[in-house]
Amino acid sequence: QLVESGGGLVQAGDSLRLSCTASGRTFSRFLMSWFRQGPGKEREFVAAISRDGDRTYETASVKGRFTISRDNAKNTVYLQIDSLKPEDPARYYCAASFQILFTDYGADESKYDYWGQGIQVTVSS
């Protein structure tokens, strides 16, 4: 089970950190990713992190503003969002994949085994 937290209403330009905590003892065996779905849009890949946390991959549209990290001791993956923009409001989902080996292939939604319920991020201008 994956449970996201940390969302809410923030102002444009602010920063926000999302967390996703997993239950179970095999967290470190999964590549972890964040996706988001904005109003009227399809869900899109945001970032992925390798099992040991040494490698990350962010989609071009968020690179430099979004940072994914993980703490395997806490079974938690994070998404740091800086300089929030009006295009960032969305429901953010974390996902876990046992199948995907490399972060570069993190965008393939069909390869994910577990998904969180998502958490809303709203940006006020």
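In this report, the structure presented in the accompanying data block is examined.

Cut-offs used in this document
Residues numbered from 1 in each chain as written. Predicted model: local features only at pLDDT ≥ 70, side-chain atom pairs only at ≥ 80, totals over all residues. Heavy atoms only, no water. Patch = residues over 30% accessible without salt bridge, like charges linked within 9 Å, V, L, I, M, F, W, Y side chains within 5 Å. Areas by Shrake-Rupley, 256 points an atom, 1.4 Å probe, with all protein chains shown as cover. Salt bridge = Lys/Arg side-chain N within 4 Å of Asp/Glu carboxyl O. Helix = DSSP H or I, 4+ residues; strand = E, 2+ residues; numbered from the N terminus. Phe/Tyr/Trp six-rings, centres within 6.5 Å; stacked < 30°, edge-to-face > 60°. Buried < 20%, exposed > 50% of the residue type's maximum accessible area, 1.4 Å probe, protein only. Core = buried A, V, L, I, M, F, W, Y, C linked by side-chain atoms within 4.5 Å. Contact = heavy atoms within 4.5 Å. Pairing = 2+ DSSP bridges.

## A short note on a nonpolar patch on the surface
- Among the surface-exposed residues, L101, F102 and Y105 lie close enough to one another that they form a single nonpolar patch of about 390 Å² accessible area.
- Among the secondary structure elements, F102 is positioned in the loop between β9 (90-97) and β10 (114-115).

## Let's talk about the packing of aromatic side chains
- With the rule as written, the count across this model stands at seven aromatic pairs.
- Taking the centre distance of 5.6 Å and the plane angle of 75° together, the rings of F35 and F45 count as edge-to-face. Note that F35 is positioned in strand β4 (residues 31-37) and F45 in strand β5 (residues 44-49), a separation of 10 residues in sequence.
- Residue class for F35 comes out buried when judged on its relative accessible area of 0%.
- Centre to centre, the rings of Y112 and W115 are 5.6 Å apart; their planes meet at 55°, and the pair counts as tilted.
- Take Y112: its relative accessible area is 7%, and that puts it in the buried class.
- Judged by its relative accessible area of 25%, W115 is partly exposed.

## A word on the nonpolar core
- If you look at the biggest cluster of nonpolar residues, it comprises 27 residues, and the most contacted ones within it are L18, M32, W34, V77, L79 and Y92.
- Those elements that place two or more of their residues in this core are β3 (16-22), β4, β5, β7 (66-71), β8 (76-81), β9 and β11 (119-124).
- Residues within four places of M32 in sequence aside, it is in contact with L2, F27, A47, A48, I49, I68, R70, V77, A95 and A96.

## Structural notes on the pairing of β3
- Burial analysis of β3 places five of its seven residues in the buried class, which makes it a mostly covered element.
- Sheet analysis places β3 next to β8, joined by six bridges and oriented antiparallel. Paired with T21 across the strands is T76, a residue of β8.

## A look at the pattern of salt bridges
- Counted according to the given criterion, the structure contains six salt bridges.
- Where E44 meets R36, a salt bridge forms, and the shortest distance between an N and an O atom there is 2.7 Å.
- On the accessibility criterion, R36 (6% relative accessible area) is buried.
- A salt bridge links R65 to D88; the shortest N-O distance between them is 2.7 Å. Here R65, found in the loop between β6 (56-58) and β7, pairs with D88, found in the loop between β8 and β9; they are 23 residues apart in sequence, far enough to count as distant.
- Of the residues examined, D88 reaches a relative accessible area of 0% and is grouped as buried.

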